[in-house]
Amino acid sequence: EVSILYDQAAPVIDITGVSEGRLLNTDVFPAFTVFDVNPDTASVRAFLDGQAFVSGTKVSQEGAHTLAVSASDAEGHASSATVRFTLDKTGPQIAISGISEGAVFQNAVSAQVQVTDLHPGASAFFLTNLTLGTTDSYQTGQSITRSGSYVLSGTAADLAGNVSSAAVSFRLEVGPIAPLNLTVD
């Protein structure tokens, strides 16, 4: 009895654990499998960022990555697969200036809020007047003129799902405004 293997197809490469264009906030373990009726296992090559890569190895370095896998079968049919992904495990940096923790101001103030991130997403900031028990959204540079104890707080998220928060407590003690054109008899 004679068996004849007719193989016209190139190997199929399946990459799991990461997907094309994905932005991730945790370590990953990319794996690959090569399927073929008559594989040439010695031809399988995998590279992560140009360095030899073993299937299932942990990738933890932040930044953009490229995983490229190639394989051939015994008949010389070749195929390749490439997946690009990015690891971002760092939350946004929130900087609040113009006010400082525990400070007491005698005049109106305005805080500048800056969010810095490689993949910025949504952010929201709120000004709570503890004296009045009110909370309002806060836009950077907005003037704060009413006396009271305040907390400027907010959160920022990036597109990878990392979230950061910041808060600054301060007090504003603005004296009454002197009347204009006041005459005393």
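Just above sits the structure.
Residues numbered from 1 in each chain as written. Predicted model: local features only at pLDDT ≥ 70, side-chain atom pairs only at ≥ 80, totals over all residues. Heavy atoms only, no water.

We now examine the pairing of strand β1 (residues 12–16). Of the two faces of β1, the one holding Ile13 and Ile15 is buried and the one holding Val12, Asp14 and Thr16 is not buried anywhere. Note: β1 against strand β3 (residues 31–35), five bridges, orientation antiparallel. Each residue of the ladder has a partner; that of Ile15, found in β3, is Phe32. (Buried < 20%, exposed > 50% of the residue type's maximum accessible area, 1.4 Å probe, protein only. Helix = DSSP H or I, 4+ residues; strand = E, 2+ residues; numbered from the N terminus. Pairing = 2+ DSSP bridges.)

What follows deals with the nonpolar core. Residues Ile15 and Phe85 are the most contacted members of the largest nonpolar core, which totals 17 residues. Where this core is concerned, the elements lending two or more residues are β1, β4 (39–48), β6 (63–73) and β7 (78–87). With four residues, the single largest contributor to this core is β7. Of all hydrophobic cores here, the second largest spans 16 residues; its members include Ile99, Ala103, Val113 and Leu127. (Core = buried A, V, L, I, M, F, W, Y, C linked by side-chain atoms within 4.5 Å.)

Turning to the sheet that holds strand β15 (residues 148–158), a few remarks are in order. In space, the five strands of this open sheet follow the order β9-β16-β15-β12-β13, with mixed pairing throughout. Only two strands of the sheet have a single neighbouring strand rather than two, namely β9 (104–105) and β13 (134–137). The pairing of β15 with strand β16 (residues 163–172) spans 10 bridges and is antiparallel. Counterpart to Val151 in the pairing with β16 is Ser169.

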